[in-house]
2 protein chains.
Amino acid sequence: MQLDNRKKEVLHAIVDDYVSTNEPVGSKSLIERYNFNVSSATLRNDMAELEHMGLIEKPHTSAGRIPSDKGYREYVNSLMTIEELSPKEQLEIEKRIDSSVDEVTDLIKNATHTLSETTGFVSLAMSPRLKKSFLKQLKILMIEPGKALVVMVLSAGVVKDKVVRIPNFLSDEQIMKISGAIEKSLTGKPLDEITLVTVETAGKSTDVPEPLLKQVLYEAYAAIKQADELNIYLEGEHRMLSLPDFSSLGRARDLLGTLSDSGMVAGYVNEMENAAREQGNDDSFMIRIGQEIALEGLDDCSFITATYNLTDSVSGNIGVIGPKRMLYSKVISQIDFVKKKLNKEMQRFT
Amino acid sequence: MQLDNRKKEVLHAIVDDYVSTNEPVGSKSLIERYNFNVSSATLRNDMAELEHMGLIEKPHTSAGRIPSDKGYREYVNSLMTIEELSPKEQLEIEKRIDSSVDEVTDLIKNATHTLSETTGFVSLAMSPRLKKSFLKQLKILMIEPGKALVVMVLSAGVVKDKVVRIPNFLSDEQIMKISGAIEKSLTGKPLDEITLVTVETAGKSTDVPEPLLKQVLYEAYAAIKQADELNIYLEGEHRMLSLPDFSSLGRARDLLGTLSDSGMVAGYVNEMENAAREQGNDDSFMIRIGQEIALEGLDDCSFITATYNLTDSVSGNIGVIGPKRMLYSKVISQIDFVKKKLNKEMQRFT
DNA sequence: TGTTGGCACTCAAAGGGATAGAGTGCTAAT
DNA sequence: ATTAGCACTCTATCCCTTTGAGTGCCAACA
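Cut-offs applied
Residues numbered from 1 in each chain as written. Chains lettered and ligands numbered in written order. Predicted model: local features only at pLDDT ≥ 70, side-chain atom pairs only at ≥ 80, totals over all residues. Heavy atoms only, no water. Helix = DSSP H or I, 4+ residues; strand = E, 2+ residues; numbered from the N terminus. Buried < 20%, exposed > 50% of the residue type's maximum accessible area, 1.4 Å probe, protein only. Contact = heavy atoms within 4.5 Å. Areas by Shrake-Rupley, 256 points an atom, 1.4 Å probe, with all protein chains shown as cover. Pairing = 2+ DSSP bridges. Axes fitted to C-alpha atoms, helices over the stretch in contact; angles between N-to-C directions. Phe/Tyr/Trp six-rings, centres within 6.5 Å; stacked < 30°, edge-to-face > 60°. 1 Å grid on protein atoms, 1.4 Å probe; cavity = no way out; pocket = protein on both sides within 12 Å on 5 of 7 lines; lining within 4 Å. Points joined across faces, edges and corners; volume = space filled by probe spheres on them. Nonpolar A, V, L, I, M, F, W, Y, C, P; charged D, E, K, R; others polar. Least-squares fit on C-alpha atoms with pLDDT ≥ 70 in both. Expected span 1.5 Å × (residues − 1).

A. Molecular detail of the overall build of chain A. Secondary structure assignment for chain A yields twelve helices and ten strands. Across its three principal axes, chain A shows a C-alpha extent of roughly 90 × 40 × 35 Å. For chain A, buried positions account for 54% of its 350 residues. Across chain A, the fraction of contacts at a sequence separation of at least 24, relative to all contacts at a separation of at least 6, is 62%. Surface accessibility of chain A: about 15,900 Å² in total, with carbon and sulfur atoms responsible for 47%.

Pasting the structure below:
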């Protein structure tokens, strides 16, 4: 069945009304608040059909209607119109994202913080996916006998390091040789093309004795692999407690319980991103509504992320988790604006 | 007024009972559940006096009594006896604190995580106070023109780094000279004795031209200062939502709202620590109950921390924030055991 | 003087209607 | 296709009563 024009308007109005009042919407209040030139009985018929199509539902027999997940989905896909933020709002965001930081990570944390404050919801960002970035420098510094620090500088101005154990009696000089050899042969290589074999081959040119060498090479390899692990920054969980949507302790507990496992959330975002890429979905937004989200306790939430770019091939995600009952157009423009600002500021680092 | 023996027992029983049942305790149930060889009327008299002394209070006229902050305080100071954890519990904790990590920070995070899981409350740890640790190494690595990485190795095996901006046309060689000069003259100095002047003096021995030199020295100084900033690790906020003590949305919101500002919590812990030191309070535990905690929304909480030691002069705090209505002796032994385990594992790093 | 049984009193919590009101579906007329 | 009208449904709210655990106080007792 197709949605005729009026039915679209009705659904639109129901979503708008429910989002702003948090009350199930009845045919009468719809007539009162919106300019439909028909009677409430007509709307009742329309609403019955919308319900039949699964776009709206009743909490109980004698209540008004609320949008279903499918209804929100229809709203988001075809009905809403996105407006730009007002200059004032834009300024507010620009001001908050402090751009004087020296590391990309701080910039991302900053943006996440801003997003949570401006939307009033939970915000999150993934660290950049560094697989496609390449090694610009790799140094191994001796910290003390048996311990060294592997420092890597990646394209896109990201610096990573890791403390590793090395054989006790390796000399400073030997370490520097190994470090130099690795750097010489791996510089310019994307991280996802560096394997244990590549690293071991790189180390062969040194005259360091085999077993010692091997351990160091392994540790260096592990450090490189760790560098492209994903981090997630989550912020503003407590804000959900102020929303009427989570006034039931049970829901709130489930939600925050799930969010507390940031690794799990990170994994999910990553999956979503990969799935979207495979589908060739190059929409810059990913929107998941209610049950579409495969995480426990997020049934009443919507999950919206955008992709930011650090370089052409290095990107990450930033977005929010809020109640399904949100002002989608507003929140999407906020995310979009933060993302754009982030992209702009990131140019300084590349 | 002094507490005679029976009154002590009564208070003890009231706290125990209230902690385990979460119900105000009446004179009759006290008689039923504990072996007082007197009548309920006698206990009523005692309870009236305990109330008069401010140790217990009534939620309303016809309810039983619950301990007041002062009552809990008395309980903690004089009444409770701390038992060791059972071997099984000890094993459980030892197993969870994964000691195979390579950095102190990870070890601390680990311990924090374990503490939250075993107590079921919010756990927190402060990073070690590094003011008294000394510089073992300082290297400045050129990342790209205009940007360098300052890497510091501190006594106690802590590694810190910071990306800094430097003048664009400084050469690799010049940077190395400066780096060497700073390292040479500051190695072995405690962080809190390093000032901008010390750093600038150290740099004088190089032949790098004045204005360029000055900027690098300033950035190096800033990096050193940043190294002794305190971090806080907070975990398990969501667990508070499962406690009946925070079944009111309002309380839960206030609590999590405050905890979400981790900088503020860190500042408070630090204040507490300093105050304790000034008073020469060398109890290894700091316990704050209810209103004693100068943080909004923690009126129904107790805040217990212990001090761990990375070296003789470098220490930090680890502990929990839970409901006032907690099994103090149990929680304290849990914190104590985690602290001891942490101390033991930390020896590997020093 | 400390202890006890007895008793009137208090108050939150739980249960049970009754009522109001917003909303619905259906039908018959337009 | 639209509308007015109407009977029906169901929650939320208010109010009233009952229940029961607990208290304070008094007079008697050891």
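Back to the write-up after that little detour.
B. Structural view of the sheet that holds strand 5 (residues 147-154) of chain B. All names here are of chain B. One open sheet accounts for three strands, arranged 4-5-6; its pairing is antiparallel. Strands at the two margins of the open sheet, each flanked by one partner only, are strand 4 (135-144) and strand 6 (158-165). Averaged over all neighbouring strand pairs, the angle between strand axes comes to 20 degrees, with direction disregarded. The strands that helix 9 (residues 210-227) touches are strand 4, strand 5 and strand 6; relative to strand 6, the one it contacts most, it runs at about 145 degrees.

C. Region of the structure containing the packing of aromatic side chains. Residues and elements named next belong to chain A. Enumeration over the complete set of coordinates arrives at eight aromatic pairs over all chains. Considering the side-chain rings of Tyr-268 and Phe-303, the 5.9 Å spacing of their centres and the 55 degrees angle between planes classify their relative orientation as tilted. Here Tyr-268, found in helix 11 (residues 262-278), pairs with Phe-303, found in strand 9 (residues 301-309); they are 35 residues apart in sequence, far enough to count as distant. For the pair shown, Tyr-268 and Phe-303 are each scored as buried. Every member of this aromatic cluster is reached through a ring pair, and the members are Tyr-72, Tyr-75 and Tyr-328.

D. Summary view of the layout of surface pockets. Estimated volume of the second largest pocket: approximately 560 Å³. Lining of the second largest pocket is provided by 22 residues; of these, Lys139(A), Leu141(A), Lys139(B), Leu141(B) and Met176(B) occupy positions nearest its centre. Breaking the lining of the second largest pocket down by element, the ones donating at least two residues are strand 4 (135-144) and helix 7 (172-186) of chain A together with strand 4 and helix 7 (172-186) of chain B. Residue composition of the lining of the second largest pocket, by class: ten nonpolar, six polar and six charged.

E. Structural view of the relation of the copies chain A and chain B. Least-squares fitting of chain A to chain B yields an RMSD of 0.1 Å, with the superposition described by an axial translation of 0.0 Å and a rotation of 180 degrees. The transformation just described matches what one would write down for a two-fold rotation axis. Distance from the rotation axis, computed per C-alpha, reaches its smallest value in chain A at Leu249(A): 3.4 Å. Most of the interface of chain A is mirrored in chain B, where 100% of its interface residues again form contacts.

F. A look at helix 10 (residues 249-260) of chain B. An ideal rise of 1.5 Å per residue puts 16 Å on twelve residues; helix 10 of chain B measures up with 16 Å between its terminal C-alpha atoms. All of the buried residues along helix 10 of chain B are Leu249(B), Ala252(B), Leu255(B), Leu256(B), Thr258(B) and Leu259(B). In the core, the buried residues of helix 10 of chain B are packed alongside helix 10 (249-260) of chain A together with strand 3 (122-126), strand 7 (232-235), helix 11 (262-278), strand 9 (301-309) and strand 10 (315-323) of chain B.

What is shown is where atoms sit, not what they do.
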